Amino acid sequence: MTSATGLRVEAPTSDLDPFCDEFLTDPYPGHAALREAGPVVYLSRYRVWALARHADIDAVLKDPEAFCSSAGVGLTDFRKETPWRPPSLLLEADPPDHTRARSVVSRVLTPPAVRRLRDEFARRADELVASLVARGEFDAVGELAEVFPVAVFPDAVGLAVDGREHLMAYAAMVFNGFGPRNAHFERSLRNAEQVQAWIAANCEPDAVSPDGLGAKLHAAAREEGYSPAEAARLLRSFLSAGVDTTVYALGNAVACLAEHPDQYAALRADPSRARAAFEEVLRFRSPVQTFFRTTTRPVEVGAPDDAVTIPAGEKVLLFLGAANRDPRRWADPDQFDIGRRAVGHLGLGAGPHACVGQMMARLEGEVILTALAGRAAELHLAGPVRPRLNNTLHGLDSLPVRVVA
Ligand code: OVM
């Protein structure tokens, strides 16, 4: 392998397992080691190429021609193995197919459409937070982070009320499914048939209420020439990516604020900083930690003086959470600081596949943090914090907190 400057550069090899419990629990020491080892590290256990620097991951996300998504954005190479579910028309697609699907979804998740949800989301966030703050102690995951998105998002989509508990189970499968078939993936596949059947049934055009985003998506898809089955598959993306991601994000947000009292005080002093605080959470403790791409040709990664060539047809593992703490990009990256400009983080991706629901995610984060800052003078940890391990998502299973009204 020869770099642009004519130097022969080999990627270092590591036997690090980014899907073992130790790494999933605390990925940050592993991230630092990967970033420092070079622009690319070959992970021998999984035979994939790992990237952990901000500039390189940003460039890969913006180059779908060389780093494709249609071979899957998890460890499984769809060209060699059958995926565990039919591929997403949005996530697991490349231009021009992706461009077409994305335009349909974008027509539904427009800024005005999300703005119309604001008052209702804010009211329900304040109602939920008020009832929890009145109690003094509560579990910020089980009683807040896990309750709010599961209540407001399916209502906005227009999903049936019965069986919504399947949404969390399905998302656990989806996000574990981007990793290897380890104990986490296997655990989430228990009851898979029943869960997948509920998801499929509730993505059908006649299953969603006529005034919600689901019906709007079906209409936009039909207009674009998609079949009803394809439209249902597009709606499946909402149900896959719209709930668990925000559950993890809200849990991480409360955890960051409870662990950094000075930052909570700053938010309290000026609740209008809620949106910026949520953005810093996405950088500092990214709910979505990783995605893969697959090379379509031999391609160089890194700066000209240290570039490594990755061969064609290889899986490339992008550590978004590591990019978000890359000292080459951020001052004091390990400092949680709601006053910093966190924009440019890769917690919501970048390029053509950047999170299409990001305005809705930010709205949910903003209204919850605004409500909390408005109602709780103090926020403290009140018991053992338990991680919820997932091959892609980083967050908590339990976060006992004590608040002072
Ligand atoms: C999808 C999908 C599933 C999981 C995540 C995601 C973060 C999309 O089915 O399209 O985006």
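About the criteria used
- The numbering scheme is per chain: residues are counted from 1 as the chain's sequence reads.
- Local features are withheld for residues below a pLDDT of 70 in this predicted model, meaning they are given only at 70 or higher, and side-chain atom pairs are given and counted only at 80 or more; totals for whole chains, interfaces and linings count all residues.
- Only hydrogens and water are set aside; all other atoms, that is, all heavy atoms of the structure, feed into the side-chain values.
- The rule is simple: take the accessible area with a 1.4 Å probe, protein chains only, and divide by the maximum for that residue type; under 20% is buried, over 50% is exposed, in between is partly exposed.
- Helix numbers and strand numbers start at the N terminus; a helix is a DSSP run of H or I with at least 4 residues, a strand a run of E with at least 2.
- Two strands form a pair only when DSSP identifies at least two bridges running between them.
- By definition, disulfides here are pairs of cysteine sulfur atoms that lie within 2.5 Å.
- Note on ring pairs: Phe, Tyr and Trp rings are taken, using the six-membered ring of Trp, and paired if centres are within 6.5 Å. Classes follow the plane angle, with under 30 degrees stacked, over 60 edge-to-face and the rest tilted.
- Over a ring means this: the NZ of a Lys or the CZ of an Arg is within 6 Å of the ring centre and within 35 degrees of the ring normal.
- The definitions used throughout rest on a 1 Å grid laid over the protein atoms alone, on which a cavity is an enclosed set of points accommodating a 1.4 Å probe that cannot get out and a pocket is an open set flanked by protein within 12 Å on both sides along at least five of seven lines; lining residues are those having an atom within 4 Å of a point.
- Grid points are joined across faces, edges and corners, and a volume is the space filled by probe spheres set on the points.
- Classification used: nonpolar for Ala, Val, Leu, Ile, Met, Phe, Trp, Tyr, Cys and Pro, charged for Asp, Glu, Lys and Arg, polar for all others including Gly.

(A) Spotlight on the pairing of strand β9 (residues 315-319). Along β9, five of the five residues are buried, which leaves the element largely enclosed by surrounding structure. Neither face of β9 is left uncovered, since the one carrying Lys315, Leu317 and Phe319 and the one carrying Val316 and Leu318 both have all their residues buried. Here strand β3 (residues 48-51) pairs with β9 via three bridges, running parallel. By the bridge assignment, Ala50 is partnered in β9 with Leu317. One ladder, built from five bridges, connects strand β6 (residues 290-295) with β9; its direction is antiparallel.

(B) Just the state of the cysteines, in detail. Counted according to the given criterion, the structure contains zero disulfides. Between Cys256, a cysteine without a disulfide, and Cys355, which holds the nearest cysteine sulfur, the sulfur-to-sulfur distance is 18 Å.

(C) Structural context of the packing of aromatic side chains. This model, assessed by the stated rule, comprises ten aromatic pairs. Here the aromatic rings of Tyr42 and Trp49 are separated by 4.8 Å at their centres, their planes lie at 65°, and the arrangement is edge-to-face. Pairing Trp84 with Phe185 gives two aromatic rings, centres 6.2 Å apart and planes at 75°, and the pair type is edge-to-face. Of this pair, Trp84 sits in the loop between β4 (67-68) and α4 (97-108) while Phe185 sits in helix α10 (residues 183-188), and the two are 101 residues apart along the sequence. Residue Trp84 is classed as partly exposed on the basis of its relative accessible area, which comes to 26%. Cluster of aromatic residues (ring-pair linked, three or more members): Phe19, Tyr46 and Phe292. The aromatic ring of Trp330 is capped on one face by Arg283, whose charged end is 5.4 Å from the ring centroid. It is Arg325 that lies over the ring of Tyr28; its NZ or CZ is 3.7 Å from the centre.

(D) Structural detail: the layout of surface pockets. In this structure, the largest pocket encloses a volume near 280 Å³. Contributing to the lining of the largest pocket are 18 residues, with Thr76, Trp84, Gly177, Gly179 and Phe185 lying nearest its centre. Partitioning the lining of the largest pocket into residue classes produces nine nonpolar, five polar and four charged. Space inside the second largest pocket adds up to approximately 240 Å³. As for the second largest pocket, its lining consists of 13 residues, and the residues nearest its centre are Met168, Ala172, Arg187, Ser188 and Arg388. Mapped onto the lining of the second largest pocket, the elements with two or more residues apiece are α9 (165-176), α10, α14 (244-259) and β11 (386-389). The element contributing the most residues to the lining of the second largest pocket is α9, with four residues. Grouping the amino acids of the lining of the second largest pocket by side-chain chemistry returns five nonpolar, three polar and five charged.

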